[in-house]
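As a plain string of letters, each chain reads:
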Amino acid sequence: MKLQRKNRLRATALGVIAVSSALALTACGSDDNDKGSGATGGTGGKTSAASNIKCDGAKGQLLASGSSAQKNAMDLWVKNYMAACKGVEINYKGSSSGEGIINFNQGTVAFAGSDSALKPEEVANSKKICTGGQGISLPMVGGPIAIGYHLEGVDSLVLDAPTLAKIFKGDIKKWNDEAIAKLNSGAKLPDKAIQPFHRSEDSGTTQNLGKYLGATAKSDWTYAPEKKWPAPGGQAASGSAGVAAQVKQTDGAIGYFELSYATSQSIKTVDINTGAAAPVKATPENASKAIAAAKIKGTGKDLALGLDYATKAEGAYPIVLVTYEIACDKGNKADSLGTVKSFLAYTSGDEGQKILSDAGYAPIPAEINAKVRETVAGLQ
């Protein structure tokens, strides 16, 4: 009996240790949109046996901030990279593109995430930080901007650009409006008020949505595509996570955010009538069809892309964003340069890009991505 009791106690203790270890691993990989993510582990200065991540030159702590749209991708990258590179800590704060660029140009972060390429005045400001060089835009993550909605009893919804424009600027106020009914023949649309949500802070996601509406609903959306929400009315929420949370809990709500937020919270998304043969769903594959037609419009080492938001190609989802990592082409701080190059080499490499589709993102097209890798390797 004493032996059996000892065995039971030993088994219980081992179980507690196992559970504690599992919780620790879960915490390392958790998603927190307000705080940086991070854990350490692996083999620094070498190529990890479990992956092709090269840790040469990486050391210490690296701070970065910006786009919340790429936060879920960044969390995956950070987790994998830090598991491979011992003693290296990457802290990425998912806030907004605007905040990330401000932080970068103040020199408080080694790189920034942005859903829009740098503007000329932002490039000019970066020269104060990038000694002898300037900030450049490196396309790293692609994907659809999902139009998420919460409407009890309506499991599928089709909208077009003019209707979306009128909804987001408050001209269409009820879900059973004639314009919506025409696009959803046979659907039982309720006589319920529409509650549109938008980002409260400067956001590249807002700017990309504005570019789409400006290109495809010119008479209905007359605002310049800026990072700050331009239209009257609606309700504001912080970050993609904040908008998604409001849509999920509010019957009658509609909002916009990166697809992974819709996927992770089981939020229904709108199919877009582009004028093609059939409405297009928000999927990584359909976003890739639109992004593949993008052209590099940046000069020198800047790889900013020009997107065709008015595409009518079959199966091409038009409301897309490309998230950039903003870094110095020259003049990076010596203590962080090795880590920046190592980490961005991983995110732009085959291994880093491969995990994007499973997370609701779209990999950068191979021809463009090859130039990104070359540019990352040449950072100074």
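Predicted, not measured: the structure shown is a model, and the values here were computed from it.

> Requested: an account of the overall build of the protein chain, with residues and values cited.
When helices and strands are counted, the protein chain shows 13 helices and 13 strands. Taking all 380 residues of the protein chain together, the buried fraction comes to 52%. By sequence separation, contacts in the protein chain at least 24 residues apart represent 75% of the contacts at least 6 residues apart. With an accessible surface of roughly 16700 Å², the protein chain has 52% of that area assigned to carbon and sulfur atoms.

> I'd love a proper account of the confidence of the model for the protein chain, names of residues and values included.
With 87% of its residues at a pLDDT of 70 or more, the protein chain shows a mean pLDDT of 88. Between residues 1-50, whose pLDDT stays under 50, and residues either more than four places distant or in other chains, the model counts 64 contacts.

> Give a detailed account of the nonpolar core, specifying residues and quantitative values.
Formed by 72 residues in total, the largest nonpolar core has its most connected members in Ile147, Leu164 and Ile254. Counting 34 residues, the second largest nonpolar core, distinct from the first, contains Val141, Val340, Leu356 and Val376.

> Which residues make up unusual backbone geometry, and what values do they have?
We note that Ser266 has phi near 55 degrees; this positive angle belongs to a residue other than glycine. Relative to the assigned elements, Ser266 resides in the loop between helix H9 (259-265) and strand E9 (268-269).

> Let's hear about the state of the cysteines: which residues, and what values?
All told, the structure shown has two disulfides when counted by the stated rule. Here Cys55 engages in a disulfide with Cys85; their sulfurs sit 2.0 Å apart. Around the S-S axis, the bridge from Cys55 to Cys85 shows a dihedral of about -80 degrees and counts as left-handed. Linking Cys55 in the loop between helix H1 (2-28) and strand E1 (61-66) with Cys85 in the loop between helix H2 (71-84) and strand E2 (89-94), this pair joins segments that are 30 residues apart in sequence. Through a disulfide, Cys130 is tied to Cys328; the S-S separation comes to 2.0 Å. Its S-S torsion of approximately -70 degrees makes the covalent link between Cys130 and Cys328 left-handed.

> Explain helix H10 (residues 284-291) to me, using residue names and the numbers behind them.
When H10 is considered as a whole, its buried residues turn out to be Pro284, Asn286, Ala287, Ala290 and Ile291. All buried residues of H10 lie within an arc of 160 degrees about the axis, which places them on one face of the element. Tucked inside the fold, the buried residues of H10 contact strand E4 (135-150), H9 and strand E13 (320-328).

> Tell me about the pairing of strand E8 (residues 253-258), residues and numbers included.
Extensive coverage of E8 is indicated by the burial of six of its six residues. In this structure, E4 lies alongside E8, joined through six bridges in antiparallel fashion. The residue bridging Ala146 from the neighbouring strand is Phe257, located in E8. In terms of strand pairing, strand E6 (residues 195-199) meets E8 through two bridges, oriented parallel. The residue of E8 that forms the bridge with Pro196 is Ile254.

Parameters at a glance
- The written sequence of each chain sets the order in which its residues are numbered from 1.
- Given that the model is predicted, a residue must reach a pLDDT of at least 70 before its local features are reported, and side-chain atom pairs must reach 80 or more before they are shown or counted; all residues, however, enter totals for whole chains, interfaces and linings.
- Hydrogen atoms and water are omitted, and side-chain values are computed over all heavy atoms in the structure.
- Here a helix means four or more residues in a row that DSSP labels H or I, a strand means two or more in a row labelled E, and each is numbered from the N terminus.
- Partly exposed describes any residue whose relative accessible area lies between the buried limit of under 20% and the exposed limit of over 50%, with all areas from a 1.4 Å probe on protein chains only and scaled to the type maximum.
- The contact criterion used is simple: two residues touch if any of their non-hydrogen atoms lie within 4.5 Å.
- Here the accessible surface of atoms and residues is derived via Shrake-Rupley with a 1.4 Å probe, and residues count as covered only by protein chains that are part of the display.
- Each residue gets a pLDDT score, which is the predictor's confidence in that residue and runs from 0 to 100.
- Residues enter a nonpolar core if they are buried and are Ala, Val, Leu, Ile, Met, Phe, Trp, Tyr or Cys, with the set joined through side-chain atoms within 4.5 Å.
- Disulfide assignment relies on a single distance test, namely cysteine sulfur atoms paired within 2.5 Å.
- Picture the helix axis, draw a direction to every C-beta atom, and the arc is the one those directions span.
- At least two DSSP bridges between two strands are needed for those strands to be called paired.

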